[in-house]
Amino acid sequence: MLDVKPLSIESQFVDLSVSSDVSTFIPSSEGQFGIARQTINTEVLVKAGETLIIGGLIAKETTVTENGVPGLRRILLLGRVFRGEEKRVRYVETVAYITPYIDEPSFFQPEIIAKDVEEQFDRVTN
């Protein structure tokens, strides 16, 4: 999840309030699971057109693979000799790139508003 709230300070700067979180499922015994959540909250002043990079949200993924000789690995006591287990741990980092831009809409200028209204009025009456 990424939540960005921009506030234009001047014509060149944007005050960004950024909140981000990464959630992963953690399996456990008996079909239960947990949720690991990491959260980042920050407020930063960024120049319009420049990129803010936010990182540090790292999720740990663990997979366990059972291998061995088919059939023999399932024998009660002797199966341990023919069975193996491989555990892999992988870290995944989430990085957000945010580039704010300030658009100065022309519709806030009175002379352009008047021109647009006249054009719309002319279309309706003709």
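Please read these numbers as outputs of a predicted model, since none were measured by experiment.

1. Considerations on the environment of V46
Secondary-structure assignment places V46 in strand β3 (residues 33-47). Taking relative accessible area as the criterion, V46 reaches 7% and is therefore assigned buried. Taking the C-alpha atoms as reference points, V46 and P6, 40 residues apart in sequence, are found 9.9 Å from one another. Setting aside residues no more than four positions away along its own chain, V46 makes contact with Q12, F13, V14, L16, L52 and P100.

2. As for the nonpolar core
Of all hydrophobic cores here, the largest spans 7 residues; its members are V14, L16, V18, V46, L52, I54 and I98. Of all the elements in the fold, those that place two or more residues in this core are β2 (13-27) and β4 (52-68). Here this core gets 3 residues from one element, more than from any other, and that element is β2. Every residue in contact with L16, bar those within four places of it in the chain, is listed here: V4, K5, P6, T42, E43, V44, V46, L52, I98 and P100.

3. Here we look at the side chain of D15
Turning to its location among the elements, D15 is positioned in strand β2. The residues contacting D15, other than those within four sequence positions of it, are K5, P6, L7, I9, E43, V44 and L45.

4. Side note on the confidence of the model for the protein
For the protein, mean pLDDT is 82; residues scoring 70 or higher make up 88% of the total. For the protein, the element scoring lowest by mean pLDDT is helix α1 (residues 110-125), at 70; strand β1 (residues 2-8) scores highest, at 89.

5. Regarding the sheet that holds β1
The strand order across the open sheet built from 3 strands is β1-β2-β3, with neighbouring strands paired in antiparallel fashion. If you trace the sheet from one side to the other, it starts and ends with β1 and β3, each paired once. Along the sheet, successive strands turn relative to each other by an average axial angle of 10 degrees, direction set aside. As defined by bridge partners, β2 adjoins β3 across 15 bridges and the pair is classed as antiparallel. Across the sheet, D15 pairs through a bridge with L45, a residue of β3.

6. Observations regarding the side chain of S19
Its location among the elements puts S19 in strand β2. A distance of 2.8 Å separates a polar atom in the side chain of S19 from a polar atom in the side chain of N41. When sequence neighbours within four positions are dropped, the list of residues in contact with S19 reads M1, L2, D3, I40 and N41.

Scoring rules and cut-offs
Residues numbered from 1 in each chain as written. Predicted model: local features only at pLDDT ≥ 70, side-chain atom pairs only at ≥ 80, totals over all residues. Heavy atoms only, no water. Helix = DSSP H or I, 4+ residues; strand = E, 2+ residues; numbered from the N terminus. Buried < 20%, exposed > 50% of the residue type's maximum accessible area, 1.4 Å probe, protein only. Contact = heavy atoms within 4.5 Å. Core = buried A, V, L, I, M, F, W, Y, C linked by side-chain atoms within 4.5 Å. pLDDT = per-residue confidence, 0-100. Pairing = 2+ DSSP bridges. Axes fitted to C-alpha atoms, helices over the stretch in contact; angles between N-to-C directions. Polar contact = N/O pair within 3.5 Å; in protein donor to acceptor, adjacent residues only side chain to side chain.

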